[in-house]
Amino acid sequence: MVDNTFVINQSQFAQSIGISQANLSENEMGNSNPSAETLISIRVRYNINLNGY
């Protein structure tokens, strides 16, 4: 079995999807919603199915 788990911090995650850490923080706190572009970046970069979200 291969463990594909990896750990990155909030700043690294934000950078990897092309947004600022401050913007990511606002999304996480519920003060704003991620843009469609951000959601697509997450889907493509991390191969996550976002159907139903």
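Use the structure listed above.
Summarised in this report is the structure supplied together with it.

Rules of the game
- Residues numbered from 1 in each chain as written.
- Predicted model: local features only at pLDDT ≥ 70, side-chain atom pairs only at ≥ 80, totals over all residues.
- Heavy atoms only, no water.
- Helix = DSSP H or I, 4+ residues; strand = E, 2+ residues; numbered from the N terminus.
- Polar contact = N/O pair within 3.5 Å; in protein donor to acceptor, adjacent residues only side chain to side chain.
- Axes fitted to C-alpha atoms, helices over the stretch in contact; angles between N-to-C directions.
- Parallel < 35°, antiparallel > 145°, perpendicular 65-115°, else oblique.
- Contact = heavy atoms within 4.5 Å.
- Nonpolar A, V, L, I, M, F, W, Y, C, P; charged D, E, K, R; others polar.

**As for the environment of Ser 16**
Move 1: Looking at the secondary structure, you find Ser 16 in helix H1 (residues 10–17).
Move 2: It is 19 Å that separates the C-alpha atoms of Ser 16 and Met 29, two residues lying 13 residues apart in sequence.
Move 3: Among the polar contacts listed, one links the side chain of Ser 16 to the side chain of Tyr 46, at a separation of 2.6 Å.

**Observations concerning the packing of H1 against helix H3 (residues 36–46)**
Move 1: At a closest axis distance of 9 Å, the pairing of H1 and H3 adopts a crossing angle of 100°. Put simply, H1 runs roughly perpendicular to H3. Side by side, H1 and H3 meet where Phe 13, Ser 16 and Ile 17 of the first sit next to Thr 38, Ser 41, Ile 42, Arg 45 and Tyr 46 of the second.
Move 2: Per-class residue counts for the contact of H1 with H3 are four nonpolar, three polar and one charged.

**So, the environment of Gln 21**
Move 1: Within the secondary structure, Gln 21 sits in helix H2 (residues 21–29).
Move 2: Measuring from C-alpha to C-alpha, the distance between Gln 21 and Gln 10 comes to 6.6 Å, with eleven residues separating the pair along the chain.
Move 3: Contact partners of Gln 21, with chain neighbours within four places excluded, come to Gln 10, Ser 11 and Ala 14.

**Some words on unusual backbone geometry**
Move 1: A positive phi is found at Asn 47, a non-glycine position, where the angle reads about 50°.
Move 2: Within the element layout of this structure, Asn 47 appears in the segment after H3.

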